[in-house]
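Per-entry structural report
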Amino acid sequence: MRALYLLPTLLFLAPETATTIRFEPKADVSVTKTFTQKADLEASAVEITLSGMEDDPAIDLSMSWERSHAFTDTYLSSADGKANKLRRKFGDLEHEIQGELAVESMGFNGEESSHAAGESALTGKAVTFTRDADDADAVEVAWVEGEGGPDELLEGLLVDTDLLGFLPTKDVAVGDSWDVPGDALVRLLVPGGASATELESDGDEASLEMTIVGLNLVFLSQFEEIVGESQSCDATATFTGEREVDGVRMAVLKLDVELETARDVSEVMRAFLENLDDEDVTAELTGCDMTVALEATGELLWNLDAGHVHGLDLKGDLRIEMERGVEVDAQGQEITVDLILELEGELTLTLTVE
């Protein structure tokens, strides 16, 4: 009889069942992943200095963009929580931006409407990623025979699009939390790596003055050009339990993110200045630094039965800061233009898997 009295206490003390959340897809399984990124931003602060004289410009700047990256990954072989060989077929990789910009200052006045769209040169092509047997961090990427293109398009491609950096390193129980490294979040902002997307504008052409000052909306929308390495990251994932989706078991991870990255983008910005179409004006960049900060919350679904990512929804506050200097020679008149720009708004990131 004493054992029966003790039974409720023993049940109460019994440990919770642990859940294994691991990357282990079956060989030759194919999944189509679509990453979508939407942003709406407005200028919150602008400071322009012309040849040492501070200007207090009236700025009205708003911009939005939407990027969609779709590709089909076939897991050829995997081990130890990583893909050893993976084939990727690129579907539509599209980018569209729209913005309005008006500047009134002592240097110049101008208004522009921007609309640009583009598709990646990778669309329709296919590559294979092969992990080095002796170095788990080394991955070779090569074209699939008959489905390739110029080798420069291979530069910057990343094998992991399953968001492996968000997973726990051990079995977890409901309520367990763990840190998410900054590089995992940076890769989410640039899924799959370089997209090789070229934008063509059908809005107003970027004026000479706007380009020199540094208010180029097309440039500001290209995350893969402006996102650098993580400088600070305070991000956690929490296992909140399981959910059934279309008869499939999903692990639900709640995400809380605070990320800041920084990058010297002088080489990228220099290309914009080199394309200035004016024989009487030359512009030399003296420096250009970008900071991208994100504070967001969301949810990641992991397919426990198939062993790969199923979906993601992340939404929060985005801030982009730019500090840029340029020396201009306009028909013999030398002008130094320094710009500090801050954009703030909302960013939404989603991933759907079929």
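Once that is clear, we can look at the overall build of the protein chain. Across its full length, the protein chain holds 6 helices and 15 strands. When burial is assessed residue by residue, the protein chain has 44% of its 354 residues classed as buried. When the accessible area of the protein chain is evaluated, it comes to approximately 18,000 Å², of which 44% is carbon and sulfur surface.

Further remarks concern the pairing of strand β4 (residues 82-104). Relative to β4, strand β3 (residues 58-79) runs antiparallel, the two sharing 20 bridges. Looking at β4, one finds that Ser78 is bridged to Ala83. Here β3 hands over to β4 after 2 residues, with Asp80 in that stretch at a positive phi of 55°. Pairing of β4 with strand β6 (residues 126-131) involves 5 bridges; the strand directions are antiparallel.

Mapped onto the elements, Lys33 comes out in strand β1 (residues 29-50). In terms of polar contacts, Lys33 uses its side chain to reach the side chain of Thr161, at 2.8 Å. With residues up to four places along the chain from it excluded, the contact list for Lys33 reads His69, Ala70, Phe71, Asp73, Tyr75, Thr161, Asp162, Leu351, Thr352 and Val353.

This next bit is on the nonpolar core. Phe223 and Ile320 are the most contacted members of the largest nonpolar core, which totals 86 residues. Looking at which element gives the most residues to this core, the answer is strand β13 (residues 281-303), with 9 residues. Once residues within four sequence positions are removed from consideration, Ile320 is found in contact with Leu41, Trp65, Leu220, Phe223, Ile226, Met290, Thr291, Val292, Leu341, Glu342 and Leu343.

Time to look at the side chain of Thr128. Positionally, Thr128 belongs in strand β6. You can call Thr128 buried: its relative accessible area is 17%.

On to the pattern of salt bridges. Taken as a whole, this structure holds 14 salt bridges when the rule is applied. Here Lys33 and Asp162 are joined by a salt bridge, their closest N and O atoms 2.8 Å apart. Residue Lys33 is located in strand β1, and its partner Asp162 is located in the loop between β7 (139-143) and β8 (177-179); the two are separated by 129 residues in the primary sequence. Take Lys33 and Asp162: they sit in the same class, and that class is buried. Here Asp73 and Arg88 are joined by a salt bridge, their closest N and O atoms 2.7 Å apart.

Before going further, it helps to examine helix α2 (residues 182-189). Each full turn of the α-helix corresponds to 3.6 residues, which orients residues three or four apart in the same direction. Buried residues dominate α2, accounting for 6 of its 8 residues. Here α2 has its buried residues at Gly182, Ala184, Leu185, Val186, Leu188 and Leu189.

The subject of this paragraph is unusual backbone geometry. Of note, Asp80 is a non-glycine position whose phi angle comes to about 55°, a positive value. Along the chain, Asp80 falls in the loop between β3 and β4. Even without a glycine there, the phi angle at Leu163 is positive, about 60°. In this structure, Leu163 sits in the loop between β7 and β8.

Right, let's get into the environment of Thr350. With respect to the helices and strands, Thr350 occurs in strand β15 (residues 333-353). Ignoring sequence-local partners within four residues, the contact set of Thr350 consists of Thr34, Phe35, Thr36, Leu312 and Asp313.

Conventions we followed
- Residues numbered from 1 in each chain as written.
- Predicted model: local features only at pLDDT ≥ 70, side-chain atom pairs only at ≥ 80, totals over all residues.
- Heavy atoms only, no water.
- Helix = DSSP H or I, 4+ residues; strand = E, 2+ residues; numbered from the N terminus.
- Buried < 20%, exposed > 50% of the residue type's maximum accessible area, 1.4 Å probe, protein only.
- Areas by Shrake-Rupley, 256 points an atom, 1.4 Å probe, with all protein chains shown as cover.
- Pairing = 2+ DSSP bridges.
- Polar contact = N/O pair within 3.5 Å; in protein donor to acceptor, adjacent residues only side chain to side chain.
- Contact = heavy atoms within 4.5 Å.
- Core = buried A, V, L, I, M, F, W, Y, C linked by side-chain atoms within 4.5 Å.
- Salt bridge = Lys/Arg side-chain N within 4 Å of Asp/Glu carboxyl O.

On their own, these measurements won't tell you what the molecule is for.
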